[in-house]
Structures are given as C-alpha cells and as structure tokens.
Amino acid sequence: MRLAFWIVILCWILFGCNPEVNRKSVGSYNHQIDSLIQEMTLYEKVGQMYQCLGRGHARVGDGQKARDLIELVKAGGVGSILVPGEVDDVEEMQRFAVEETRLGVPLFFNYDVIHGFKTIFPIPLAMSCSWDTAMVRQSHAVAALEAASAGISYNHGPMLDVSRDPRWGRVMEGNGEDPYLSSLMTRAAIQGFQGNNLKDPATIIACAKHFIGYGAVEGGRDYNTVDFGNETLYNIHLPPFIAAIEENVGSVMTSFNVVESVPTVAHQKLLKNLLRNDLAFDGIVISDFGSVGELIKHGYAMDNSQATSQAISATVDIEMQSRNYHQHIKQLVEKGVIDEVLIDSAVRRILQKKFELGLFDNPYRFSTPGKIQNITLSHSHRKKAKESAMRSMVLLKNNGLLPIKEEVKKIAVIGPFANSKDILGRWSAKGDTIYAVSLVDGLKDQFPGCEINFLDVGDFWDDKQLPENRIKRLANSADLVLLALGEPKEMSAEAASRANLTIPGNQDRIAEIVQQAGKPIALVLFNGRPLTIGWYQDHVDAILEVWYPGTEGGNAIAQVLAGEYNPSGKLTMTFPRAVGQIPIYYNHYNTGRPASSSSYSSKYIDITNGPLYPFGFGLSYSSFEYSDISLTKNELNSSDEITATVNVMNTGDYVGEEVVQLYIRDHVGEIVRPVKELKGFRKVSLNPSESKEISFKINSEMLKYWSPVSKDYVLESGTFSVMIGPNSSQLANQTFELTLK
Ligand code: BGC
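Below: a short report on this structure. (Residues numbered from 1 in each chain as written. Predicted model: local features only at pLDDT ≥ 70, side-chain atom pairs only at ≥ 80, totals over all residues. Heavy atoms only, no water.)

Scanning the protein chain from N- to C-terminus turns up 22 helices and 27 strands. Radius of gyration (C-alpha) of the protein chain: 27 Å, near the 27 Å computed for a compact globule of 741 residues. A buried classification covers 60% of the 741 residues belonging to the protein chain. Put simply, 78% of the contacts in the protein chain that link residues at least 6 apart link residues at least 24 apart. Summed over its atoms, the accessible surface of the protein chain is roughly 28500 Å², and 49% of this surface lies on carbon and sulfur atoms. The distance from the centre of the 71 positive side-chain charges to the centre of the 85 negative ones in the protein chain is 0 Å. (Helix = DSSP H or I, 4+ residues; strand = E, 2+ residues; numbered from the N terminus. Rg over C-alpha atoms; globule rule 2.2 N^0.38 Å. Buried < 20%, exposed > 50% of the residue type's maximum accessible area, 1.4 Å probe, protein only. Contact = heavy atoms within 4.5 Å. Areas by Shrake-Rupley, 256 points an atom, 1.4 Å probe, with all protein chains shown as cover. Lys, Arg positive; Asp, Glu negative; His and termini not counted. Charge placed at Lys NZ, Arg CZ, Asp CG, Glu CD.)

By the burial criterion, the buried members of helix 18 (residues 439-446) are Leu-439, Val-440, Gly-442, Leu-443 and Gln-446. One face of helix 18 carries all of its buried residues, which in axial projection span an arc of 160 degrees. Among the structural elements, strand 12 (410-414), strand 13 (451-455), strand 14 (480-486), strand 15 (521-526) and helix 22 (553-562) are those in contact with the buried residues of helix 18. (Arc of directions from axis to C-beta.)

Moving on: the sheet that holds strand 5 (residues 207-211). Two pairing modes exist for strands in a sheet, parallel and antiparallel, and in both the strands are linked by backbone hydrogen bonds. Reading across from one edge, 5-6-9 is the order of the 3 strands in this open sheet, with parallel pairing throughout. Of all the strands in the sheet, the pair left with one neighbour each is strand 5 and strand 9 (284-286). Between one strand axis and the next, the sheet turns through 25 degrees on average, direction left out of account. With 4 bridges joining them, strand 5 and strand 6 (residues 251-254) adopt parallel strand pairing. In the sheet register, Phe-211 faces strand 6, and the bridge partner there is Thr-254. (Pairing = 2+ DSSP bridges. Axes fitted to C-alpha atoms, helices over the stretch in contact; angles between N-to-C directions.)

Here Arg-529 is to be found in the loop between strand 15 and helix 21 (534-539). Among the residues examined, Arg-529 registers a relative accessible area of 0% and is labelled buried. A polar contact is formed between the side chain of Arg-529 and the backbone oxygen of Pro-166, at a distance of 2.6 Å. A polar contact is formed between the side chain of Arg-529 and the backbone oxygen of Arg-167, at a distance of 3.2 Å. (Polar contact = N/O pair within 3.5 Å; in protein donor to acceptor, adjacent residues only side chain to side chain.)

For the rest of this paragraph, the subject is the packing of helix 19 (residues 468-477) against helix 20 (residues 507-516). The interhelical angle for the contact between helix 19 and helix 20, taken along N-to-C directions, is 45 degrees, at an axis separation of 9 Å. By the angle between their axes, helix 19 is oblique relative to helix 20. Both helix 19 and helix 20 take part in a crossing whose hand is right-handed. On helix 20, the residues that touch Glu-468, Ile-471, Lys-472 and Ala-475 of helix 19 are Arg-509, Ile-510, Ile-513 and Val-514. Considering only residue class, the contact of helix 19 with helix 20 consists of 5 nonpolar, no polar and 3 charged. (Parallel < 35°, antiparallel > 145°, perpendicular 65-115°, else oblique. Left-handed = near helix turned anticlockwise from the far one by under 90°. Nonpolar A, V, L, I, M, F, W, Y, C, P; charged D, E, K, R; others polar.)

Relative to the elements of secondary structure, Ala-75 occurs in the loop between helix 4 (64-74) and strand 2 (80-82). The class of Ala-75 is partly exposed, set by a relative accessible area of 41%. Separated by 26 residues in sequence, Ala-75 and Thr-101 place their C-alpha atoms 6.1 Å apart.

Core analysis: the largest hydrophobic core is formed by 153 residues, its most contacted members being Phe-211, Ile-329, Ile-414, Leu-483, Ile-533 and Tyr-536. If you tally residues by element for this core, the top one is helix 15 (residues 340-356), at 6 residues. Non-local contacts of Ile-414, meaning those with residues more than four positions away in its chain, are made with Leu-455, Val-457, Ile-471, Leu-474, Ala-475, Val-481, Leu-482, Leu-483, Ala-484, Leu-485, Ile-510 and Val-514. Core analysis: the next-biggest nonpolar cluster, separate from the first, contains 38 residues, Met-393, Ile-404, Cys-450 and Phe-526 among them. (Core = buried A, V, L, I, M, F, W, Y, C linked by side-chain atoms within 4.5 Å.)

Bringing the environment of Asn-634 into the picture now. Among the structural elements, Asn-634 can be located in the loop between strand 18 (630-631) and strand 19 (635-636). Looking at Asn-634, the relative accessible area reads 42%, which means it is partly exposed. Sequence separation of Asn-634 and Thr-719 is 85 residues, and the distance between their C-alpha atoms is 9.7 Å. Excluding anything up to four places from it in sequence, Asn-634 contacts Gln-734, Thr-735, Phe-736 and Glu-737. Engagement of the side chain of Asn-634 in a polar contact is seen with the backbone oxygen of Thr-735, the distance being 3.0 Å.

Right, dumping it as structure tokens:
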C-alpha cells in the first residue's frame, strides 16, 4: 500500500504536474527529445516550426522554387511539407532531411485528406447524414491507408466546425449543425485516421480544425467576423474539439476568424488557457495558411515581427506556409521579447509526434514507390466508397415513384450532372474524376433492360438559349425523367460562400420545361450544402439528395434508385425555405413571444418560421411507426438513470433502416436553454412488419451544460422533456423531474 502510494506520487511529480508532458504517451521520448533540442541551433529549431509548400503545390512546381526548397531542407530550415507531390518527391525530400542535414530530423508530409485520398468518399457533410460512425471510421481509415502509402504522415483534417449557416461554403467539410452528432463523427474520423497506434504505418496524424468558431462567420461569408458569447462557445463550438482531444488527436489548427475581437491565431485566452491548460491539449498547434501575417490586416499586429511574437506567445507551434517565424524568431529571442523556452516547448511538441509516428525509426514508413498502385483505388476501397455513398444519401420526398418500378422502360436523364464525372466535390485530395462513375454509367449498369437517354444540358452559368425543344422531346419520350441538377463543385468549400441558395444558373428553367411534359420526375441533387428547393418539393415526385457522392457516385445512386439499397440518411443540417431564415437550426432558444396567431409574436409576415426540411429528416422506401414513450420512472437524481423506451415498427414493404432520435429539453435554467437538444440515437434495421423496442438511458451527465453565470458546467434540478422520433420536428414527448440532493 505504502509502495503504491509512493509510486503514484513519483509518477505525478515526473509527469502529471508538468504541463509540457504528453498525457497519453507520457515521457516515452523525453530523453531523445531533450538531447536533440540541446544539440539544435535556434535556426534548426525554427526550421521545425516552419511548414512550407511542396512541389505538388501549384505555387511551387518544378522550377526555381522547388530547387530553393531543397536547399532549405538540407540546411535544416523546414520541419514539414504541405502538398509534397508524388511518392518519389516524398522519398527524395525525406532523404535530404535525414541524410543531408546535421541532425537528420525527418520531415512531416502534410495534405488535406478530407474525404478520401485517391478513392474518394462522399463529402463529410454527406457522410454525417449516415449517422453511422462505424462507416465514417472505416472511410477515413481507407483514406489514411491510401495517403500513408503516398508518404503522407500528417493530415489537415477532420474539420469540426459546427455551422448553422448554409451560405458558408465550408459546411461541406463538416458534420452539420449539431454539437453532439458532430462530436461522435469527430471521434470516428480521428479513430479512422490515427488508428490505435501512430506507429502503424497505415495511420496519419489527424488535425482538428479550425479552432474555433469558424462556422459562425457573419453572413456566412468566409473569413468574416465571428461574434458569440461563452455560452455558445462552450455548448456549441467546443464539444467536437473536446471529443478530438479525448481521442488524442495529434494536432489542432487555428481558424482564420476573430473571437471576442481577437484573431484566434494570437488568442492567448483560447489557445493557452482553454486549449492547453483547461483541455490539457499537448499536441501540435498549427496556424492556418498564412494566418500569422494576417494579424496585420486584422489590425491586431503592427508588423510581422509583432505577429510572430503574438502567435508564439499563444503557443502556435507551426506556421503554415508563410515565413514570419523564419524571419523574426531569432531577433525576438535575441531582444528578449520572447523566451527561447517557448521555442523549445514548441519544438518538443513537434518532435514528440515525429517520434510517435516512428519517423526516427523509419522515416519512409509505408511509402514505398511502386506499392501505392496496389493500395489505392482497390476493389475493396471502391466497394467501401459505394457503401458510404449509399448510406449518405437522403430521400427528401417520395410520392411512391421510387424505387424505380419494373414497368419503367425508358429513363431520360437531364441536367448538367447527367453524365458528369465531376462528382467528387472539392477537397478531394488526389481523387481523379477519370475514375469516377457518372450517373448515366451507373444507370446503364444497373438497368440493363432499360433505355437510358440523356441530355447533359447546360453550362451552369451560360445564359445562351437552352435546347428547349430537345429537352421537351426527351422528357416526352420517357417513362420517367431524372433531373440531375445541383451546384458545380467550385460553389462549395473554402472561399465559396453564397448569398443565394437556389440551384444555380439555368437549371430551374430546365426543371420547368421538364415539368411541363407531365412525366414522373425525380430530382437527383448534387451539392455541398442545404439549398432552397421549395419549388421542387411542390412540383416533382421524388427528391434524392446525393451530395457530392465520390468516386462510386453513379453506381451508388443507381443502386438506391433501383431499391437495392433503401435510403436511410437523415439531414444533419436544416434546409431553409428562404435565405432570409438563416441562421436556422433546430436547437434554438424559445422567445418570450413564440410564433402564434398574434401579430406581435416572433415570426415572419411572408413565410412560416419552420424549415423546408428539419434537422434529422429523411425518408425511406418503407415507413416506420413510433409508439408513445414510456419512462421507467419520472424522477431522476444525480447518480441514477431513467430508461426511455419506444416501439418502432416497419409498416412498409421494404426492409429498411431507421435513425431513432432522442432529444431533451431543460425547461428552466440559470440561463435559457434550447427548445431541444439531440442526446442520443440508434440506427436500427427492420424487416416489413417487424418491430423493435428501442431504449435510451438518461442520466444526469447528459443534462449538464456550460453556464456563463456559474462559469462552469452546471446541473440543475427541475423539469425536463424527453422527446423521441424520426426527426427533430416529429417527436413524442414525456417529462421527468431532476432532483439534486
Ligand atoms: C484551409 C485549411 C487547409 C489549408 C491547407 C487553408 O486555406 O483553411 O483548412 O488545411 O488551407 O490546405
């Protein structure tokens, strides 16, 4: 007993009380890191803190810049390379770093692996609509394996930004509007990228980005101001980052925006106090692309030297792309503006990850040229990509038209996505559209007995006359028309904010012409964000949201249209009726004057408050009936739990999966609480006429929230509603009392 006590005390002294020591890999490389740091010149330390662009980046290429890069690497002036090029480039650069520098410290090779590397999976927003964390983990594990085989060791993803604004183009990279679901998806993504052990050569370091609040840019305009209070910071934006840190994410990237009027890359309160101290994150913090220098334009730094000192003081370890650290750290240390101890801490965190990845044992890890072809785009990877795509699609409307019936012998596919292979979406790493399957190709394979005719009409922006007569003729001659419409990929992701959320260009006109032909119509929608598609809800028979479905897109859509896979996706972002409703999200507060028949209530005079499709919404070819909720009891205390149960029955004709959702409302708090918050879900498969009891355990931990009054997480006695149903708008309700003794 005494011995155990002293061992615990010793461990605490050695590791626990030292904030510089990694919690989970405590001390394993301290000795090697200490001796390396002792040998390093200040220049070499700063080199570790510089991430430069590699040959694969358009700004570098093969010319003089690429030659300068080699000299810089050989001099020990670089620690990581972003977009390094092909696997041979990685090998060569690593050889320069390991064999031709004084200390032989290996490089990281970085890339944005967001939804696949060569085999492209659906965009992250789509994958979140599967509500299937196992699938998400597997998809990112495939991406990690492919990326690692190309020499990549450090990813710039996943993106965890919670967003309630579909105007923001980057919603396609995230998991939608809900912090709980987003946290689960974050865990799955990090487990997929990092595996159980970074030494496994099929893993890459994940980077949780962007810390923090980037999804809340005003007006949905990229890089814009962010303005929220601590209640929103802690309860909405922080949970996925907490999940990431619990998963031991290797790195965190700062965001481009301000929070409380301070740019995050220099935000000591957020980075030093919250991230490093309160959340005990001891991995690498990396700036976003050029954002250190942007402190000047923000009006927070006078010059690059001050910007450097601000970012270093906020514990930003690596500067991405720009060279302020290179140019200013030495002088700042010499002048005593920054202490070299801060530089040593940053270098320590960087080296720690290089050791954890096993780069000192095998700097080339998995990246054997020649091997990559056998790994990427393999049959099994493509199969997984197809499954992910099918599971990510959301059936938004169906009046019985889908799945396509046997009587249908002639299908017309009309619209810019009819035979397009450009369906990977942005941030598609090394994905090549050559390998993508278009909708028409998928249909031809899936429906060999059908005549498939298509018209790839329209350039999205071209206002030259549409071939109206050809569209009419084709629609008239078909038994069924598939409208293949959407946003070109350039319209979503970074720097792709939109003020209008209609299907762009001349596509609404195509739809009107087709509609006049009077044939059954299904809209197949390719896009990266919620759109305002009220007209389609009113005028077509079925709507299948396929997002940017990735390499296997056409095959996956065809299988869903044929009914070989019954759609089971549910929206993770609310679809507005009109842009004027934005921000629109399900977990809003009530007002003092909730919408009612009274004029002086919180509503619009021109449209209803409600969304076109709510959070959690998605149809199936089957139908599901929910019973009332039963609770094991109506009182809860802090150490107890209640079980809430519903019976869900498949009342349709198809085997189907249903995402059963649990929401809770805290009726009165020391601050006001949302009208409902997602607290659990189960995805269950049911045969026709089969029913299952679905139970959720409710405990006090789930009822806590962060309050700016207590400046802490609080739990309060009072009444709570339990709501269970198929989406956030259609819920059965029960209540219980929480009593704290
Ligand atoms: C984005 C980051 C990305 C980086 C490197 C930036 O513009 O904001 O998310 O990782 O570029 O590609």
